[in-house]
Amino acid sequence: MTRDFRLLATGQTLSWLGNGFQTVALAVAVVTHGGGAGDLGLVMASSVVTMLAVTLFGGVWADRLQPRHVMVVSDLIRLVATAGIAVMFIGGGYHLPVLCALTVVSAGAGAFFTPAMSALKPLLVPASRLQPANATLSMLQTACGIAGPALGGLTVAAFGAPAGFAVNAASFLFSGVAAGLLRVRAERGPREPMLSELAAGWQEIRSRDWLIGGLFGATVYHIANGMILVLVQVTAVQRLGGAPAIGWVSAAEGLGGLLGSALALRFQPRRLLRAGWLTLLLMPFWALAYVWPGMLTAVLAGAIIGYGGLMFFGVAWETAIQERVPQAMLGRVASWDYLTSFLAMPVGNALAGPLTARFGVDEVLVVCAFVLFAASASQLLIPGSRNLTRVTAEPAPIPAPA
């Protein structure tokens, strides 16, 4: 891999680890200072609402400016906001409006950072190395999702919640420095009015059947998955053994993600998007395992298989976008892609309670699993999703002479 890719991977690894520290620190800090589930929910909702409001504009600016500049400024803003949270708790104070305000600032900066990184990644490696690069970053992010909360829990237990925020703030510093050292430059054209550029990004999506179909399919998928993610926690507590079961399932999901990313690192089919949608068909079996046979071992196996398919699909989807969408549009297209997830997941989370109260946990899980399957399988009916071929692929190895 290139020098610039190694810099990005290093900076992001530290940032993803730091996010794990903050996840633990935030819950501990709010609860130990007298807050409860309502306060914590309000802080988390502030973050989600901000991303919903800002993401599309982040995509426009990622396509207007040099992506690395957007990333550096975003990291500096997140550094200051997170350090402010640490200082507030170090001083022994707990002010919910201040915490929400700083969370809004950090989330807003993150909504600019993510599309900018999506626009930047194809510039860092040769076209033939896009899939391995995406798979490598996916592996690193999954590993950090496992290690970050674990290390964060140990740190917060030993030194208190402010230490977790401080580590996350430092991670933004390292990420910003890494982004600032990148050498690549993107070609940028003249600017147009904001709404015109937003509309141009949506038109880019509409012009490709596989892309518009995939976004609508993903929206339906995420609504169902949002319900599943709530219900499997309840099921694990009530039927599978409580907190230890949740820990084992989380570990199995992480292992599956690592295996799926490792597969994407090696397996590069010519029709990558078709392969991605096919592997995504494995996820419903994970949800169904909670209903039948309803045993922890079956759930663990389903989590490994399902999340392996999910991670492979993620790499395939991102690689297809990078290969087929013009570089000048990548930030906007990525922001529309992220927006569908931000909108759909909270809707699914909110629907989980009322639907299970009306129909029961098992019934809702079965229906949601069917929706996951249908949302994925329906994409194979779209010619572009089924037949899209790689723009570039690794050359076939030359057989050794006899």
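In this text, all values refer to a predicted model and were calculated from it rather than measured experimentally.

Caption draft 1: Local environment of helix α14 (residues 361-377). Look at α14: 24 Å from first C-alpha to last across 17 residues, which is about the 24 Å you get at 1.5 Å a residue. Here α14 has its buried residues at Val361, Val364, Leu365, Cys368, Ala369, Leu372, Ala375 and Ser376. Projected down its long axis, α14 carries its buried residues within an arc of 140°, all on one side. Facing away from the buried side of α14 by over 90 degrees, the exposed positions are Val367 and Phe370. Buried residues along α14 sit against α8 (209-239), α10 (272-280), α11 (283-289) and α13 (330-359).

Caption draft 2: Spotlight on the confidence of the model for the chain. The pLDDT averaged across the chain works out to 89; a share of 97% of its residues lies at or above 70. This model gives residues 393-402 a pLDDT under 50, and the stretch forms three contacts once residues within four places in sequence are excluded.

Caption draft 3: Layout of the packing of helix α3 (residues 67-90) against helix α6 (residues 161-180). Closest axis-to-axis distance for the α3/α6 pair is 8 Å, and the angle between their directions is 165°. Judged by the inter-axis angle, α3 sits roughly antiparallel to α6. The hand of the α3/α6 crossing is left-handed. On α6, the residues that touch Arg68, Met71, Val72, Asp75, Arg78, Leu79, Thr82, Ala83, Ile85, Ala86, Phe89 and Ile90 of α3 are Pro162, Phe165, Ala166, Asn168, Ala169, Phe172, Leu173, Ser175, Gly176, Ala179 and Gly180.

Caption draft 4: Main features of the environment of proline 193. Residue placement: proline 193 occurs in the loop between α6 and α7 (194-206). Residue proline 193 is classed as exposed on the basis of its relative accessible area of 56%.

Caption draft 5: Representation of the packing of α7 against α13 within the structure. Interaxial distance between α7 and α13 falls to 9 Å at its minimum, and their mutual angle equals 75°. Regarding the angle of α7 to α13, the classification is roughly perpendicular. Of the residues in α13, those in contact with Glu197, Leu198, Ala200, Gly201, Trp202, Glu204 and Ile205 of α7 are Arg332, Val333 and Trp336. In terms of residue class, the contact of α7 with α13 is made up of six nonpolar, one polar and three charged.

Caption draft 6: View of unusual backbone geometry. Here tryptophan 292 and proline 293 are connected by a cis peptide whose omega angle stands at 5°. With respect to the helices and strands, the residue proline 293 is situated in the loop between α11 and α12 (296-324).

Caption draft 7: How the structure looks around the pattern of salt bridges. The final tally for this structure, using the stated rule, is eight salt bridges. The closest approach of N and O atoms between arginine 64 and glutamate 197, which form a salt bridge, is 3.2 Å. On the criterion of sequence distance, the pair formed by arginine 64 in helix α2 (residues 37-64) and glutamate 197 in helix α7 is long-range, its members being 133 residues apart. The shortest N-O distance in the salt bridge between lysine 121 and glutamate 318 comes to 2.2 Å. Note that lysine 121 is positioned in the loop between α4 (96-120) and α5 (130-159) and glutamate 318 in helix α12, a separation of 197 residues in sequence. A relative accessible area of 10% means that lysine 121 is categorised as buried.

Caption draft 8: Structural view of the side chain of aspartate 4. With respect to the element layout, aspartate 4 can be found in helix α1 (residues 3-32). A relative accessible area of 9% means that aspartate 4 is categorised as buried. At 2.8 Å, the side chain of aspartate 4 and the side chain of arginine 3 are in polar contact. Leaving out residues up to four positions away in the same chain, aspartate 4 has contacts with Leu124, Leu181, Leu182, Arg183 and Val184.

Rules of the game
Along each chain, numbering runs from 1 in the same order as the chain's sequence is written. At least 70 in pLDDT is required for a residue's local features to be given in this predicted model, at least 80 for side-chain atom pairs to be given and counted, and no such filter applies to totals for whole chains, interfaces and linings, which use all residues. The side-chain values count all of the structure's non-hydrogen atoms but skip hydrogen atoms and water molecules. Working definition: helices are DSSP H or I runs of at least four residues, strands are E runs of at least two. Numbering for both runs from the N terminus. By this rule the span expected of a helix is its residue count minus one, scaled by 1.5 Å. Residue exposure (1.4 Å probe, protein chains only): buried if accessible area is under 20% of the type maximum, exposed if over 50%, otherwise partly exposed. Regarding the arc, it is the one traced by the directions from the helix axis to the C-beta atoms. Residue contacts are defined here by distance: any two heavy atoms, one from each residue, within 4.5 Å place the two residues in contact. Every residue gets a pLDDT, meaning the predictor's confidence in that residue, from 0 to 100. Here an axis means a line fitted to C-alpha atoms, over the contact stretch when the element is a helix, while the angle between two N-to-C directions is reported on a 0 to 180 degree scale. Just so you know how the angles are binned, under 35 degrees is roughly parallel, over 145 roughly antiparallel, 65 to 115 roughly perpendicular, and the rest oblique. Here a crossing is taken to be left-handed if its near helix is turned anticlockwise relative to the far helix by less than a right angle, and right-handed if that turn runs clockwise. Under this grouping Gly is polar, as are all residues other than the nonpolar Ala, Val, Leu, Ile, Met, Phe, Trp, Tyr, Cys and Pro and the charged Asp, Glu, Lys and Arg. When a carboxyl oxygen of Asp or Glu lies within 4 Å of a side-chain nitrogen of Lys or Arg, that pair is called a salt bridge. As used in this structure description, the phrase polar contact means that two N or O atoms lie within 3.5 Å; if the pair is within protein, one of them must be able to donate a hydrogen and the other to accept it, and residues adjacent in sequence are counted only when both atoms belong to side chains.

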